Structure formats: structure tokens, C-alpha cells
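As a plain string of letters, each chain reads:
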Amino acid sequence: MSEYAHVEKPFLAQLAALGWTAIDQGGAIPTDPALSLRSSFREVALAPVFRDSVRALNTLPDGRAWLTDVQLDGLLTDLFRQPNRSLLEANEAVQALLFKAQVDRNGLTGELNPVVKLIDFAAPERNVFHAISQFRVDTPGCVRQFIIPDIVLFVNGLPLVVIEGKIGDANTANPMHEAFVQLQRYRGARKE
């Protein structure tokens, strides 16, 4: 039995039925980052999706978008660069930004330090949802050249959920444990 056929593909179909944009890259190792909406396998966010969706969430009452490309790129940098922080500290900092991010100024109104909505929690239908299978991430300098989580879920281009699909078979007696071990390896915490 194949994990792809029995777990990943049906799950992607279920997400698509719920309104997610599902990108099914099959069961092979991806070779083109553009298929997963990126310019490089080193990118973990969907930057163009982030820019478009966050810009659309932050408009003036007359509908004009006010965030600049420089501000949007700065927000992405703030989210993904968490130097000298443990995994827990970095997650807490990112979570705080998801609820209250700010930029220096609204260039259209002159407002200083305006709050930027990265995810619309009050009106979820305004967000953009993607599910991408076989989401390859290159890991230079690590033991493995890359990792490939089975499915990654994105909201407004931000990766929020990593899914490892497993099936019980002769080689996998405890699928949940195997998925947990693999996720631990992805974060560099597996003890063997």
C-alpha cells in the first residue's frame, strides 16, 4: 500500500472540497520549485501569495492597498528570522506577530506604526489557503540534502501545519509514532 494513494491524495482531495487550493506533486521527489509556488527549494513561505493576500487584507476604507513591497518583505523577514532563540521562543515570537504585526508607517495616511493583519481571524474566508504535497525544503549543511514533508498547509503563504501521513503495514506497526519520529527529525530533535 502506498502512503500517497491511501493517505496523502485523499486528504488533499478533502481539503480541496473544503475550498483549499491543493497542489498535488505526486509521490516523486520534486525537481521544480515553481510547482510549489516558490523560486527556490530553500524558501519555506510562499512569498508571492503572502504579498498578495496580506496586501488585500490591509486596505483603506476606499479599498486602496497601503502596504509597500518593502514593508511586506520586512514582515516576512521578521517572521522567519528569529536569531538566538530556542524553537519555543521563536514560535512564541511568530505567534505574537500573527496577532499583532506592525510596520513603520502607512504611506497613504501618514499613520505611524500601523497594525498589519497577517491573517484575518474574524473573517477566515478572506484568507488564502494552500495545501501542498511533497513540499521539498533544501537543508544545506545538514546530514540530509533536503526534507520532504508529505503535506504542508499554508494560510496567506505562511506555513502553519506540517503533516506526515503514515499507514499501518508490515513495516509500520505504529503509524502515529513513525510520523512523530519523522517530524522530530525535521526539527532536528530526534534521539536515536
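Residues numbered from 1 in each chain as written. Predicted model: local features only at pLDDT ≥ 70, side-chain atom pairs only at ≥ 80, totals over all residues. Heavy atoms only, no water.

Student: Would you mind showing me how to read the overall build of the protein chain here?
Tutor: Per the secondary structure count, the protein chain includes five helices and eight strands. The secondary structure elements of the protein chain, listed N-terminal to C-terminal, are α-β-α-α-α-β-β-β-β-β-β-β-α. The 192 residues of the protein chain split such that 38% are buried. Summed over its atoms, the accessible surface of the protein chain is roughly 11,200 Å², and 55% of this surface lies on carbon and sulfur atoms. (Helix = DSSP H or I, 4+ residues; strand = E, 2+ residues; numbered from the N terminus. Buried < 20%, exposed > 50% of the residue type's maximum accessible area, 1.4 Å probe, protein only. Areas by Shrake-Rupley, 256 points an atom, 1.4 Å probe, with all protein chains shown as cover.)

Student: Help me understand the sheet that holds strand β1 (residues 21-23) in this model?
Tutor: Ordered by their spatial adjacency, four strands build an open sheet running β1-β4-β7-β8, and the pairing between neighbours is mixed. Looking at the sheet topology across the chains shown, the edges are occupied by β1 and β8 (158-163). Between one strand and the next, the sheet's axes are offset by a mean angle of 20 degrees, whatever the strand orientation. Across three bridges, the pairing between β1 and strand β4 (residues 129-133) is parallel. Its bridge partner being in β4, Ala22 is matched across the sheet by Ala131. (Pairing = 2+ DSSP bridges. Axes fitted to C-alpha atoms, helices over the stretch in contact; angles between N-to-C directions.)

Student: I would appreciate a short explanation of the pattern of salt bridges in the present structure.
Tutor: Any two side chains of opposite charge can pair, given that their charged atoms come close. This model, assessed by the stated rule, comprises seven salt bridges. Taking the shortest distance from any N to any O, the salt bridge between Arg51 and Asp73 comes out at 2.8 Å. Note that Arg51 is positioned in helix α2 (residues 47-57) and Asp73 in helix α3 (residues 69-80), a separation of 22 residues in sequence. One salt bridge in this structure joins Arg126 and Asp120, with 2.8 Å as the shortest N-O distance. The class of Asp120 is buried, set by a relative accessible area of 3%. Overlapping salt bridges, with partners in common, bring together Lys117, Asp120 and Arg126 in one network. (Salt bridge = Lys/Arg side-chain N within 4 Å of Asp/Glu carboxyl O.)

Student: Whenever I open this one, the pairing of strand β7 (residues 151-155) confuses me. Can you help?
Tutor: The side chains of a regular strand alternate, residue by residue, between the two faces of the sheet. Across the five residues that make up β7, a large majority, five, are buried. Going residue by residue along β7, you find Ile151, Leu153 and Val155 tucked away on one face and Val152 and Phe154 tucked away on the opposite face as well. Examined bridge by bridge, β4 and β7 share five bridges and lie antiparallel to one another. Opposite His130, over in β7, you have Phe154 as the bridge partner. The pairing of β7 with β8 spans five bridges and is classified as antiparallel. Note that in β8 the partner of Leu153 across the bridge is Val161. Counting the residues in the hairpin turn of β7 and β8 gives two residues, including Asn156, whose phi is positive at 55 degrees.

Student: Help me understand helix α1 (residues 3-17) in this model?
Tutor: Residues spaced three or four apart along an α-helix point in a common direction, a consequence of the helix completing one turn every 3.6 residues. Here α1 spans 20 Å end to end across 15 residues, near enough to the 21 Å set by a 1.5 Å rise per residue. Of all the bends found along α1, the most pronounced is centred on Lys9 and spans about 25 degrees, while Pro10, a proline, follows it within four residues. For α1, the complete set of buried residues consists of Glu8, Leu12 and Leu15. In this fold, the buried residues of α1 make contact with β1, β4 and β7. Trailing α1 by a residue or two, Gly19 shows a phi angle of about 105 degrees, which is positive. (Expected span 1.5 Å × (residues − 1). Bend = angle between axes of the 7 residues up to and from the residue. Contact = heavy atoms within 4.5 Å.)

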